[in-house]
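Residues per chain, in single letters:
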Amino acid sequence: QLQLVESGGGLVQSGGSLRLSCAASGFTLEYYAIGWFRQAPGKEREAVSCIRSTDGNTNYADSVKGRFTISRDNAKNTVYLQMNSLKPEDTAVYYCNADLTGIGARNYWGQGTQVTVSS
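Residues numbered from 1 in each chain as written. Predicted model: local features only at pLDDT ≥ 70, side-chain atom pairs only at ≥ 80, totals over all residues. Heavy atoms only, no water.

1. Re unusual backbone geometry
Most peptide bonds take the trans configuration, and most residues that are not glycine carry a negative phi. The test is simple: Under the DSSP-based scheme used, a helix requires at least four consecutive residues in state H or I and a strand at least two consecutive residues in state E, with every element numbered from the N terminus. In this scheme, a residue with accessible area under 20% of its type's maximum is buried, one over 50% is exposed, and one in between is partly exposed, where area comes from a 1.4 Å probe on protein chains only.
The backbone of Asn-77 sits at a positive phi, close to 55°, despite the residue not being glycine. If you trace the backbone, Asn-77 turns up in the loop between strand E7 (68–73) and strand E8 (78–83). For Asn-77, a relative accessible area of 17% corresponds to the buried category. Of note, Ser-85 is a non-glycine position whose phi angle comes to about 50°, a positive value. Mapped onto the fold, Ser-85 is located in the loop between E8 and strand E9 (92–100).

2. Some words on the nonpolar core
Rule in force here: To form a nonpolar core, buried Ala, Val, Leu, Ile, Met, Phe, Trp, Tyr and Cys residues must be joined to one another through side-chain atoms within 4.5 Å. Contacts are assigned to residue pairs that have any heavy atoms within 4.5 Å of one another.
By size, the foremost hydrophobic cluster in this structure holds 29 residues, and its most contacted members are Leu-4, Trp-36, Leu-81, Met-83 and Tyr-94. Taken together, the elements giving at least two residues each to this core come down to strand E3 (18–25), strand E4 (33–39), strand E5 (46–51), E7, E8, E9 and strand E11 (113–118). Dropping the residues within four chain positions of it, Met-83 is found in contact with Gly-16, Ser-17, Leu-18, Leu-20, Arg-67, Phe-68, Tyr-94 and Val-115.

3. Quick look at the pattern of salt bridges
Opposite charge on two side chains lets them pair, provided their charged atoms get close. For the record, the criterion: Only one rule defines a salt bridge in this text: a Lys or Arg side-chain nitrogen within 4 Å of an Asp or Glu carboxyl oxygen.
Tallied over the full model, the rule gives 5 salt bridges. Glu-46 is the salt-bridge partner of Arg-38, the closest N and O atoms lying 2.6 Å from each other. Since its relative accessible area comes to 5%, Arg-38 is described here as buried. With a closest N to O distance of 3.1 Å, Asp-62 and Lys-65 form a salt bridge. Three or more residues joined by partner-sharing salt bridges are found here, namely Arg-38, Glu-46, Arg-67 and Asp-90.

4. Description of the state of the cysteines
For clarity, the threshold we go by: Disulfides are defined as cysteine sulfur pairs within 2.5 Å.
Per the stated rule, a full pass over the model turns up 1 disulfide. A sulfur-sulfur distance of 2.1 Å marks the disulfide that ties Cys-22 to Cys-96. Across the disulfide from Cys-22 to Cys-96, rotation about the S-S bond amounts to roughly 70°, and the bridge is consequently right-handed. Of this pair, Cys-22 sits in strand E3 while Cys-96 sits in strand E9, and the two are 74 residues apart along the sequence. On the accessibility criterion, Cys-22 (0% relative accessible area) is buried. The thiol of Cys-50 is unpaired, and the distance to the nearest cysteine sulfur, on Cys-96, comes to 13 Å.

5. With respect to the pairing of E5
Counted only if it meets this: Strands were regarded as paired on the criterion that DSSP finds at least two bridges between them.
Sheet topology places E4 next to E5; 5 bridges connect them, and they run antiparallel. Note on E5: the bridge partner recorded for Phe-37 is Ala-47. Counting the residues in the hairpin turn of E4 and E5 gives 6 residues, including Gly-42, whose phi is positive at 80°. Two elements, E5 and strand E6 (residues 58–60), share 3 bridges in a ladder whose sense is antiparallel. Counted as the bridge partner of Cys-50 is Asn-59 from E6.

Next up, the structure:
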């Protein structure tokens, strides 16, 4: 079964940290660009961070730059999002997305993991 599974969400106080994991089964994440997205209640889904498959180049939304770090462990077929200095406005459901472009293009979404930051 081809799927992405996020984990690591939870309730944390403002200023705290969480590490989200995005694990793939049935396919190899190494060949995919991976993005983390989030959606807060009543808001549209927004991009948080991404990491390319080719060179590991990373990008971050301005709102999380300097606080969040995306990384990948190809041996574990997993991508991580380390979130530090969390703020109440980071509260959202976080989703990971795996995207393979070109011939045989594929795109997968995980089911999401809830992150709640209390003030």
